[in-house]
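Residue strings, one per chain:
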Amino acid sequence: SGAMGHTGELPELFDTTDTLIISVRDSRIKEVAKSLLASKRLRRDMIVLHTSGAWPAAALLGELRGHVRGVGTLHPLMSFT
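Throughout, residues of each chain are indexed from 1 in the direction in which the sequence is written. Local features are withheld for residues below a pLDDT of 70 in this predicted model, meaning they are given only at 70 or higher, and side-chain atom pairs are given and counted only at 80 or more; totals for whole chains, interfaces and linings count all residues. Only heavy atoms go into the side-chain values, all of them from the structure, while hydrogens and water stay out.

A. Just helix α1 (residues 26–39), in detail. Secondary structure is summarised from DSSP: a helix means a run of H or I of at least four residues, a strand means a run of E of at least two, and numbering begins at the N terminus for each. Helices are assigned an expected span. That span is 1.5 Å times one less than the residue count. Compared with the 20 Å implied by 1.5 Å per residue over 14 residues, the 21 Å span of α1 between its first and last C-alpha is a close match. Burial in α1 covers these residues: Ile29, Val32, Ala33 and Leu36. Angularly, the buried residues of α1 cover 105° about the axis, an arc narrow enough to put them on a single face. In α1, those exposed residues whose orientation departs by more than 90 degrees from the buried face are Ser27 and Ala38. Should any heavy atoms of two residues lie within 4.5 Å, those residues are counted as being in contact. Where the residues of α1 are buried, they touch β1 (19–22), β2 (47–50) and α2 (57–61). Residue Lys40 follows α1 closely and has a positive phi angle near 60°. Accessibility here uses a 1.4 Å probe with only protein chains present; expressed as a share of the type maximum, an area under 20% marks a residue as buried, one over 50% as exposed, and anything in between as partly exposed. What the arc covers is the set of directions going from the helix axis to the C-beta atoms.

Quick look at the structure:
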C-alpha cells in the first residue's frame, strides 16, 4: 500500500510533514516518486527517503532533486518483508 494507500490519495498529513518515507517494494519506489512529483504537492523543505537496501537514493529518487530539500535511504536495523 505505501504512503498513498490503495486509493492513490495523499493523506492530509502529507501537507505538514517534513520527512516522507517511501516504504514499498523496490520495484515500485520509482513509480511512487514519479506520482509524488506529478502531484505537485512536494515542498522544498521536505526530505524524501526510501527503505531499499539494494538501490541508492540517486537511482530511485533522483528525479525529486531540486523539488525537495534532499533525498536519501533509510536502512532498518533488521530486514523485513
